[in-house]
Amino acid sequence: MSEEKIFFQDFIAGQETGITEFDEALVKKLIEEITVFANHFTVEFKSGITIEIES
């Protein structure tokens, strides 16, 4: 498992409560950019990891 994935897992696991609603501060801390296309979107994290999500 990459160091970035371990960082994200540890960060989320270390939150005092489960994430049950939108948290703008958390989004600003973790996400660099979201790009929306006609049939998918990509999320680029500040760590450099990019994921692509098909619709």
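Everything here concerns the structure above.
To start, this report covers the structure provided alongside it. (Residues numbered from 1 in each chain as written. Predicted model: local features only at pLDDT ≥ 70, side-chain atom pairs only at ≥ 80, totals over all residues. Heavy atoms only, no water.)

1. Considerations on the sheet that holds strand 3 (residues 50–54)
Here three strands make up an open sheet; going across it, the order is 1-2-3 and the pairing antiparallel. Every interior strand has two partners, whereas the edge strands, strand 1 (31–36) and strand 3, have only one. Strand-to-strand, the axes of this sheet are offset by a mean angle of 15 degrees, without reference to chain direction. Bridge count for strand 2 (residues 40–45) against strand 3 is five bridges, and the pairing is antiparallel. Residue pairing in the sheet places Phe-41 in a bridge with Ile-53 of strand 3. (Pairing = 2+ DSSP bridges. Helix = DSSP H or I, 4+ residues; strand = E, 2+ residues; numbered from the N terminus. Axes fitted to C-alpha atoms, helices over the stretch in contact; angles between N-to-C directions.)

2. Concerning the pairing of strand 1
Look at any regular strand and the pattern is simple: side chains alternate between the two faces of the sheet. Sheet topology places strand 1 next to strand 2; five bridges connect them, and they run antiparallel. Paired with Ile-31 across the bridge in strand 2 is Phe-45. In this structure, the hairpin formed by strand 1 and strand 2 is closed by a connection of three residues.

3. Re the pattern of salt bridges
For the structure shown, the criterion picks out one salt bridge. Note that Lys-28 is salt-bridged to Glu-24, the shortest N-O span being 3.3 Å. Residue Lys-28 and its partner Glu-24 are located together in helix 2 (residues 24–30), separated by four residues, close to a single helical turn. Note on Lys-28: relative accessible area 52%, which makes it exposed. (Salt bridge = Lys/Arg side-chain N within 4 Å of Asp/Glu carboxyl O. Buried < 20%, exposed > 50% of the residue type's maximum accessible area, 1.4 Å probe, protein only.)

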